[in-house]
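# Results of the structural survey
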Amino acid sequence: MELRIILSQIENENEEEIERLLHEYNIENGRTFSFEQKEEDSRIRLCRALLEVLVRAAQPRCQSTCLETLRILSRDKRVLGPVSTRDGILTLARLARIGPDDPHAGTNTNKDAKKMEEEQQQDVVAVEALKCLCNVVFNSTQAQQVGADVQLAQGLCTQLQAAGGGSAPHEVSLFSLRLLFLLSALRTDVRGLLRKDPSAMALLTDVLVQALGVRWAGRYEAVPAPLEEPSDPQEEGGGGGGPPPPIPAQENERTMEALKVLFNITLSDSNDQDAEHQLRLLVALMRHLLLLRTHTEDKTEEMHSHAVNLLSNIPMACLDVLIDVPIQPRQEELGGKNMAAIQVLLDFMEKRVDRGSNYKEGLTPVLSLLAESSRYHREIRKYIKAKVLPPLKDVSNRPEVGSTIRNKLVRLMTHVDMGVKQSAAEFLFVLCKESVDNLVKYTGYGSAAGLLLSRGLLGGGRGETQYSEDEDSDTDEYKEAKPYINPITGYVEEPSANPLEEMTEEQKECEAQKLVKMIDQLSRLSMEAGTDTRLEDQISFCCAVIQKKNQVGTTTVPGRRSLPALQWHGNQSRPAQSSQGLEQNDNSLLPHGSDSGLGGHATMQQLIKPMGVRKDGTLAPLEETIAACRPDHNSDDSDSD
């Protein structure tokens with residue numbers, strides 16, 4: 001369909017012909033989302049012409065067809081100039097029945113068939129106008145500014161409030177909520193105004209109550225509303241003869257749109273005294289929602305995801321509503337607290353972990369929610385720890401090996417994504433009462449090193465949050481295996497074979513000579529680096545000089561005067577004639593008076609001990625060894641140990 005033909009018919013003002021041509025255009029382009037640039041001017045003219053038709057008193061069928069065409073054209077950001085004006089937005093808002101003067105608000109009682117048909121056609125027009133506004137606001141920053149100027153969000157709240165009795169069609173309420181979501185997401189000023197307006201939060205709470213079909217059994221206890229003719233007496237009180245029925249598809253769609261709007265609004269802070277009460281009502285509704293399901297598993301998970309996002313914005317002090325409700329049969333509990341909703345969150349978290357992808361958006365919100373709620377509420381932390389970190393019994397495998405939720409979370413502590421690894425580590429750290437020893441016990445020092453480094457707790461200790469005193473929950477099996485656990489890996493390793501057992505005495509002596517060479521070379525090079533430098537700088541200097549060990553004579557250090565190379569004899573240091581002595585004569589490394597054949601265990605000990613082995617036979621640290629070789633360490637050759 002050529003656009004010039006449609007434009008010519010619009011100029012003739014023949015509504016029937018306009019409707020027919022636009023209907024054909026809509027069928028051809030209903031699934032078109034990218035447009036050719038060569039017809040851009042024609043599409044702009046068509047948008048302007050369609051607005052002129054909508055301003056005229058056209059029939060509802062012609063209006064809905066024009067709006068459908070405008071919705072298709074609004075997918076192209078380049079042609080929204082005529083629609084993004086104040087007049088264009090107000091025209092669409094009038095057709096969408098946004099505002100306090102909606103003549104169609106109210107009930108549908110006592111109306112004849114003709115009147116009902118006319119209102120149904122008007123509903124179709126309103127839905128198409130709302131769809132156009134959603135596209136225009138999403139694709140045009142100018143339209144977003146105009147929407148804020150004409151208070152489009154306040155008009156949507158008025159429309160939703162007028163339809164509070166459920167008289168508005170499903171699609172009208174759905175796209176009104178979607179438009180409100182877009183405005184609150186794209187405009188911070190709109191979001192702030194809605195947060196300061198107490199009626200907006202109360203309105204959206206009522207939308208959730210109606211969509212979920214609940215009533216208030218207590219101040220913060222939502223239960224299923226009684227059916228008009230309950231087939232089962234247990235259904236009326238919501239006391240639980242079985243699982244509640246799944247949420248119908250339409251109610252589920254409105255619920256998720258309302259949750260997204262509430263998420264945007266709760267991003268802004270409010271000092272209203274009534275805000276805490278409204279937030280607690282929302283937590284009560286989220287608890288009820290977490291225990292519900294939809295007709296498909298994917299929709300149920302999506303609904304729970306929106307609930308998790310909203311709970312993450314609510315102050316942790318309000319989350320006691322999640323557990324301070326009566327305990328129903330077959331529900332999880334701990335210390336008289338209802339843990340059914342917490343168990344759903346744990347199942348949701350494990351399902352997201354098992355998915356193995358999209359951890360950033362899918363997993364980190366629920367991990368953060370569980371971590372913060374555990375930090376603030378002792379009962380929640382104790383219940384989650386019993387499920388995630390039960391007392392250890394079998395420590396024969398690495399903490400990250402296995403199929404338990406602990407194993408899965410420990411694996412995430414070394415994930416490539418920094419946000420994912422931090423969220424997983426923080427969650428486990430809070431469950432351990434921010435105790436380094438407890439965290440290392442469950443994860444191993446290697447997996448926990450990243451978190452401990454960021455918090456400055458590599459040396460041990462606790463976090464800043466105050467918790468109750470630790471209780472001894474170690475099992476007998478763990479206590480028996482504890483002395484044999486490698487703290488780095490977090491499990492009992494298989495004993496490794498001693499490499500010296502299969503070596504002959506000659507091979508051991510050869511390895512000892514190699515060790516003495518390396519230690520002696522490091523000691524001499526460290527003295528060339530100077531005694532006033534840090535150990536790390538000395539080691540770096542030594543490594544650099546070793547690569548140039550074939551140089552003869554003196555070694556020049558950048559920024560320092562040339563110093564003669566020092567060679568160790570006995571416990572003294574003296575200038576060496578040539579650095580090639582290491583390769584030419586191994587006997588130059590021996591103490592005075594020692595046998596060049598190294599024939600015996602005593603000779604080997606005498607050879608190694610001055611260069612890093614203490615008198616008791618244990619190996620001295622590298623820093624101690626290097627410090628012992630400095631010229632100014634001792635004035636005499638006596639052993640000061």
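Preceding block: the structure.
This text gives an overview of the structure that appears in the document.

## Section: the overall build of the protein
The helix and strand tally for the protein stands at 29 helices and eight strands. Per-residue burial over the protein gives 46% buried out of 641 residues. Within the protein, contacts between residues separated by at least 24 positions form 69% of all contacts whose residues are at least 6 apart in sequence. Of the roughly 33700 Å² of accessible surface on the protein, a fraction of 48% belongs to carbon and sulfur atoms.

## With respect to helix 20 (residues 405-412)
For helix 20, the tally of buried residues reaches seven of eight residues, placing the bulk of the element in the interior. Those residues of helix 20 lying buried are Ile 405, Arg 406, Asn 407, Lys 408, Leu 409, Val 410 and Leu 412.

## Focus: the pattern of salt bridges
The final tally for this structure, using the stated rule, is 33 salt bridges. Residue Glu 40 is joined to Arg 78 by a salt bridge in which the shortest nitrogen-to-oxygen separation is 3.9 Å. Remark: Arg 78 occurs in the loop between helix 4 (60-73) and helix 5 (86-95) and Glu 40 occurs in helix 3 (residues 40-55); sequence separation between them is 38 residues. For Arg 78, a relative accessible area of 38% puts it in the partly exposed group.

## So, helix 4
The end-to-end C-alpha distance of helix 4, which contains 14 residues, comes to 20 Å, matching closely the 20 Å that a straight helix rising 1.5 Å per residue would cover. When you tally the buried positions in helix 4, you get 12 out of 14 residues, the bulk of the element. Where helix 4 is concerned, the buried positions are Pro 60, Cys 62, Gln 63, Ser 64, Thr 65, Cys 66, Leu 67, Thr 69, Leu 70, Arg 71, Ile 72 and Leu 73. Those residues of helix 4 hidden inside the fold are in contact with helix 2 (15-29), helix 3, helix 5 and helix 6 (113-139).

## Re the side chain of Ser 374
With respect to the helices and strands, Ser 374 occurs in helix 18 (residues 364-376). We classify Ser 374 as buried; its relative accessible area is 1%. Look past the residues within four positions of Ser 374 in its chain and what remains in contact with it is Ile 380, Arg 381, Ile 384, Val 430 and Leu 431.

## Re the nonpolar core
Judged by nonpolar contacts, the single largest core of 148 residues is most densely connected at Leu 179, Met 349, Val 388, Phe 427 and Leu 428. Per element, the largest residue contribution to this core is 10 residues, and it comes from helix 6. Those residues in contact with Met 349 that lie beyond four places of it in its chain are Leu 363, Val 366, Leu 367, Leu 370, Ile 405 and Phe 427.

## A short note on the pairing of strand 1 (residues 214-218)
Side-chain positions along a regular strand alternate between the two faces of the sheet. When strand 1 meets strand 2 (residues 221-224), the two strands line up antiparallel, connected through four bridges. Across the sheet, Gly 218 pairs through a bridge with Glu 221, a residue of strand 2. Connecting the antiparallel pair strand 1 and strand 2 is a turn made up of two residues.

## Quick word on the packing of aromatic side chains
Applying the stated criterion to the full structure yields zero aromatic pairs. Of note, Lys 441 hangs over the ring of Tyr 478, and the distance from its end group to the ring centre comes to 5.4 Å.

## Concerning unusual backbone geometry
Its identity as a non-glycine residue notwithstanding, Gln 151 has a phi of 55 degrees, on the positive side. Structurally, Gln 151 is set in the loop between helix 7 (141-149) and helix 8 (152-162). Phi is positive for Glu 434, close to 55 degrees, though the residue is something other than glycine. Among the structural elements, Glu 434 can be located in the loop between helix 21 (418-431) and helix 22 (436-443).

## Thoughts on the packing of helix 6 against helix 7
Orientation of helix 6 relative to helix 7, taken along the N-to-C sense of each, is 115 degrees, at an axis distance of 5 Å. Taken together, the axes of helix 6 and helix 7 lie roughly perpendicular to each other. Counted together, Val 136, Val 137, Phe 138 and Asn 139 of helix 6 and Thr 141, Ala 143 and Gln 144 of helix 7 form the full contact between these two elements. When the residues that make up the contact of helix 6 with helix 7 are grouped by side-chain class, the tally is four nonpolar, three polar and no charged.

## Overview of the side chain of Ser 435
Looking at the secondary structure, you find Ser 435 in the loop between helix 21 and helix 22. Every residue in contact with Ser 435, bar those within four places of it in the chain, is listed here: Phe 429, Gly 461 and Arg 462.

## Some thoughts on the packing of helix 9 (residues 170-186) against helix 10 (residues 188-196)
Two quantities define a packed helix pair, namely the angle between the axes and the distance from one axis to the other. Axis separation between helix 9 and helix 10 bottoms out at 5 Å; the angle between their running directions is 110 degrees. With respect to each other, helix 9 and helix 10 are oriented roughly perpendicular. Between helix 9 and helix 10, the contacting residues are Leu 180, Leu 183, Ser 184, Ala 185 and Leu 186 on the first element and Thr 188, Val 190, Arg 191 and Leu 194 on the second. Across the contact of helix 9 with helix 10, the residue classes tally to six nonpolar, two polar and one charged.

Reading the values: rules and limits
- Residues numbered from 1 in each chain as written.
- Predicted model: local features only at pLDDT ≥ 70, side-chain atom pairs only at ≥ 80, totals over all residues.
- Heavy atoms only, no water.
- Helix = DSSP H or I, 4+ residues; strand = E, 2+ residues; numbered from the N terminus.
- Buried < 20%, exposed > 50% of the residue type's maximum accessible area, 1.4 Å probe, protein only.
- Contact = heavy atoms within 4.5 Å.
- Areas by Shrake-Rupley, 256 points an atom, 1.4 Å probe, with all protein chains shown as cover.
- Salt bridge = Lys/Arg side-chain N within 4 Å of Asp/Glu carboxyl O.
- Expected span 1.5 Å × (residues − 1).
- Core = buried A, V, L, I, M, F, W, Y, C linked by side-chain atoms within 4.5 Å.
- Pairing = 2+ DSSP bridges.
- Phe/Tyr/Trp six-rings, centres within 6.5 Å; stacked < 30°, edge-to-face > 60°.
- Lys NZ or Arg CZ within 6 Å of the ring centre and 35° of its normal.
- Axes fitted to C-alpha atoms, helices over the stretch in contact; angles between N-to-C directions.
- Parallel < 35°, antiparallel > 145°, perpendicular 65-115°, else oblique.
- Nonpolar A, V, L, I, M, F, W, Y, C, P; charged D, E, K, R; others polar.

The values are spatial; any link to function lies outside them.
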